Every structure is written in C-alpha cells, then in structure tokens.
Amino acid sequence: MAITKLSDVIVPELFNPYVINKTMEKSALVQSGIITTNEEFNKLASQAAPTVNMPFFDDLTGESEQIIEDADLTPDKITSKSDVAAIIRRAKMWAATDLSAALAGTDLMAAIASLVSGFWARDMQKELIAILNGIFGTFTPNEGSATTRLASNILDISSGSGAAAKWSASAFIDAQQLLGDAQSQLTAIAMHSATYSNLKKQNLIATEHPSMDVSFESYQGKRVIIDDGCPVVGSGSNQVFTSYLFGEGAIALGNGSPVGFVPTEVDRDKKKGSGIDYLINRKTMILHPRGVKFTNTNVAKAEGPSRAELQDAENWLPVYDPKQIRIVAFKHKIG
C-alpha cells in the first residue's frame, strides 16, 4: 500500500492563504475587533527592514475663530509623529509523526492546515501578551531611576487593603476612566481564566447573542477574552493579576510576504528508517500596539526582535497622546 507523504498533500499556493484565513477565524483577538488588519498593514509587514514607519496625524486642536469681514483667518498646522512597528519573523517545523492524526483524514491538506492555523492563533496571543508586558513594563536606565513609560494607562489597586485590592465593578470603571472621554472606545477585555471564573461565580459574566454573529461573553458590555498568558505574580491570596482593556483596532496586524519569502516548505529525511517528512511553516508579520513606537534599543539580531525582546520595556516609547492609545492595564487581586 502506498504511503501518504506530505509532499503529496501540501500545495503551498492553496495551503498558505488557507492557514492565514483560518488563523484569523480562530483568533479570539481578531474576532473581538481589537486587532485590525488590512492590505496596507500587509504591505508594511512585507518590507525587508526590521522596523517600519506607521505615521499618523495628531488630533486637531485650538479654538475656532469668529468670522469678520476683511479679516484673515489664522492658519494652524496639522502635525504628525512617527509610530514605528517591529516586523516579527517566526517559524515552526513539524515532523509527519506530529501530524499523523491529520494524515488519517479525508481532506488531508485542510486537516493539516487547520492544525497549523490553530497553532499560529495561539502563538499570536502569546506574542501579544509579550508586547503588552513590554509597553506596560518598567526598566531602569543606566544611572537612572525606574521608568514606566506608559504609567498613565495603568491602574494598580493590588496594594490596597482587603477588598480595595480586589476586582470590583467600581475599580473596573476607574480603569476605564484612565482614558477620560475616550473610554467609550474600549470594547474588550483580556483576563486570566482565574479572574474569569471568579467573575463567573458572581454571575457577573453575561452572554451576548448578536443576531448576525457568534455569541460571546461580556463584562459590563466589554467582550471577554480568556488568556492564561495574562500576567500573574505572587502566590495564594497575594496573587496579583493583570487584565487588559482594549479599544476597537488598538492592535495593527499585517501578514507579510516579502520578496523571496517561502512561507511553506516540505522536506524529507530519507536516511531515517522509512523516511521522515517535515512541514516547515514561516510567518512574517507586524503585530503592533497603535501609538507605542518600537525603539529597537535592545535587539540582538538584525532580522528583528525575539519574544523576550518584545517584553523589554526599553524597546517601547509612547508617541500618541495616552488617550489615543486604546489599551489599559488593570492590576488587581481576586476574591
């Protein structure tokens, strides 16, 4: 009986877009609306440089002028700043034995692509948590004092006494208030499963049933994303959890395809036993918190940052007004 080989199954031209589309479908982050993707972001992610410029215009400020006959109006400038995103390059290789269950299916390529897209959806959430750790992190420069560049968007109640340190509806409202009159833009919250379960026990999690969409859970009208990658420090009753509030489109996602880039390859080691097939999948993307510039200060490799380097607070610098950065970190304990 003929043995099914990966090279018989995988057609890169069909496999690649299927994996990307399925990854988008499976990602709770994308489905929640906090991550937005478009062709412009895809083009930026396709550049060869380790970082790309993402310019934006400042909001228009000042006061209107009274119209007076024969009097000239005073021109105001439209100013812009430069937001910079890192291009993230990642790869993963699987042996055929890792995909043996999928190879038993009827639509082999679709089955394998579904496994691969599920992996990348989970991996993207890990990547985002690393980025959030970075933009809200604290570092101490040489001969300087501890610096938290985005402290304006952090509410930390964890040092309070008793109930004052724990998640509450009131504290959650205070976290939203950090964005002032821009808080209405906040639409979703990512939280640890322990935080979610605690709120669930209190019957504070609602299930929304949109008429034209899949149902989802919410808290105070904000879509809930459960991710155990959300930071937890300490132990027992002293555990401090970090939950993140997001606005629509707070994160930019671009799936790149640079010149010469090979996203999918199949290889075979003929010398081992009856041979081992390998599936190699590569990804180049931008996954960028809008308004927080990637400084590239502490990056070892020219190809771009590692996940550990994305967590380095010194690599991030806010360039938007804090209200325009549609992300808030809420540090708390649970009951």
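Notes on the structure in this doc start here. (Residues numbered from 1 in each chain as written. Predicted model: local features only at pLDDT ≥ 70, side-chain atom pairs only at ≥ 80, totals over all residues. Heavy atoms only, no water.)

**Section: the overall build of the protein chain**
Next, step 1: Helix and strand counts for the protein chain come out as nine helices and 16 strands.
Next, step 2: Expressed along its principal axes, the backbone C-alpha trace of the protein chain runs to roughly 85 × 60 × 55 Å.
Next, step 3: At a minimum sequence separation of 6, the contacts of the protein chain that also span at least 24 residues come to 76%.
Next, step 4: Carbon together with sulfur atoms contributes 51% to the accessible area of the protein chain, which is approximately 17,700 Å² in total.
Next, step 5: Separation between the mean location of the 31 positive side-chain charges and that of the 37 negative ones in the protein chain comes to 10 Å. (Helix = DSSP H or I, 4+ residues; strand = E, 2+ residues; numbered from the N terminus. Contact = heavy atoms within 4.5 Å. Areas by Shrake-Rupley, 256 points an atom, 1.4 Å probe, with all protein chains shown as cover. Lys, Arg positive; Asp, Glu negative; His and termini not counted. Charge placed at Lys NZ, Arg CZ, Asp CG, Glu CD.)

**Section: the packing of aromatic side chains**
Next, step 1: Evaluation of the coordinates by the stated rule reveals nine aromatic pairs.
Next, step 2: Seen in terms of ring centroids, Phe172 and Tyr219 are 4.9 Å apart; in terms of plane orientation they differ by 85°. Their pairing is edge-to-face. Here the residue Phe172 occupies a position in helix α7 (residues 169-177), and Tyr219 occupies one in strand β7 (residues 216-219), the gap between them amounting to 47 residues.
Next, step 3: Relative accessible area serves as the criterion here: at 0%, Phe172 is assigned to the buried category.
Next, step 4: Taken together, a centroid distance of 6.4 Å and an interplanar angle of 45° make the contact between Tyr244 and Phe246 tilted. (Phe/Tyr/Trp six-rings, centres within 6.5 Å; stacked < 30°, edge-to-face > 60°. Buried < 20%, exposed > 50% of the residue type's maximum accessible area, 1.4 Å probe, protein only.)

**Focus: α7**
Next, step 1: Looking only at α7, the buried set comprises Ala171, Phe172, Ala175 and Gln176. Seen along its axis, α7 keeps its buried residues to an arc of 150°; they face one direction.
Next, step 2: Those residues of α7 that are buried lie in contact with β4 (154-156), β5 (186-191), β7, β8 (222-226), β10 (240-247) and β16 (327-332). (Arc of directions from axis to C-beta.)

**With respect to the environment of Gly162**
Next, step 1: Mapped onto the secondary structure, Gly162 falls in the loop between β4 and α7.
Next, step 2: In sequence terms Gly162 and Ile87 are 75 residues apart; their C-alpha atoms lie 43 Å from each other.

**Observations regarding the pattern of salt bridges**
Side chains that differ in sign of charge can pair as their charged atoms come close.
Next, step 1: A full pass over the atoms with the stated rule returns nine salt bridges.
Next, step 2: The partner of Arg307 in a salt bridge is Asp123, and the shortest N-O contact between them spans 2.9 Å. Linking Arg307 in helix α9 (residues 307-310) with Asp123 in helix α6 (residues 108-135), this pair joins segments that are 184 residues apart in sequence.
Next, step 3: Overall, Arg307 belongs to the partly exposed group, its relative accessible area being 26%.
Next, step 4: Residue Glu127 is joined to Arg307 by a salt bridge in which the shortest nitrogen-to-oxygen separation is 3.0 Å. In this pair, Glu127 is assigned in helix α6 and Arg307 in helix α9, connecting sequence segments 180 residues apart.
Next, step 5: A network of salt bridges, in which partner residues are shared, links Arg90, Asp123, Glu127 and Arg307. (Salt bridge = Lys/Arg side-chain N within 4 Å of Asp/Glu carboxyl O.)

**Quick word on a positive patch on the surface**
Next, step 1: On the surface, Lys26, Lys92, Arg122 and Lys126 cluster together into a patch of positive charge.
Next, step 2: Note on placement: Lys92 falls in strand β3 (residues 80-95).
Next, step 3: Taking relative accessible area as the criterion, Lys92 reaches 33% and is therefore assigned partly exposed. (Patch = residues over 30% accessible without salt bridge, like charges linked within 9 Å, V, L, I, M, F, W, Y side chains within 5 Å.)

**Some thoughts on unusual backbone geometry**
Next, step 1: One non-glycine residue with positive phi stands out, namely Asp70, at about 65°.
Next, step 2: By the element assignment, Asp70 lies in the loop between β2 (51-57) and β3.
Next, step 3: Positive phi is not limited to glycine here, since Asn203 has a value of about 55°.
Next, step 4: By secondary structure assignment, the location of Asn203 is in the loop between α8 (193-201) and β6 (206-208).

**Examining empty space enclosed by the protein**
Next, step 1: Within the structure shown, the criterion is met by one cavity of 30 Å³ or more.
Next, step 2: Approximately 50 Å³ is the volume attributed to the largest cavity. (1 Å grid on protein atoms, 1.4 Å probe; cavity = no way out; pocket = protein on both sides within 12 Å on 5 of 7 lines; lining within 4 Å. Points joined across faces, edges and corners; volume = space filled by probe spheres on them.)

**Some words on the pairing of β16**
Next, step 1: With five of six residues buried, β16 is to be regarded as a mostly interior element.
Next, step 2: In terms of strand pairing, β4 meets β16 through three bridges, oriented parallel. Counted as the bridge partner of Ile154 is Ala329 from β16.
Next, step 3: Here β10 pairs with β16 via six bridges, running antiparallel. Bridged to Phe241 within β16 is His332. (Pairing = 2+ DSSP bridges.)

**Structural notes on the packing of helix α2 (residues 12-26) against α6**
Next, step 1: Their axes nearest at 8 Å, the elements α2 and α6 cross at an angle of 50°. The pairing of α2 with α6 is recorded here as oblique in orientation. As for the relative orientation of α2 and α6, their crossing is right-handed in sense. Contacts from Leu14, Phe15, Tyr18, Val19, Lys22, Thr23, Met24 and Lys26 in α2 reach Met109, Ala110, Ile112, Ala113, Ser114, Val116, Ser117, Gly118, Trp120, Ala121 and Met124 in α6.
Next, step 2: In terms of residue class, the contact of α2 with α6 is made up of 13 nonpolar, four polar and two charged. (Axes fitted to C-alpha atoms, helices over the stretch in contact; angles between N-to-C directions. Parallel < 35°, antiparallel > 145°, perpendicular 65-115°, else oblique. Left-handed = near helix turned anticlockwise from the far one by under 90°. Nonpolar A, V, L, I, M, F, W, Y, C, P; charged D, E, K, R; others polar.)

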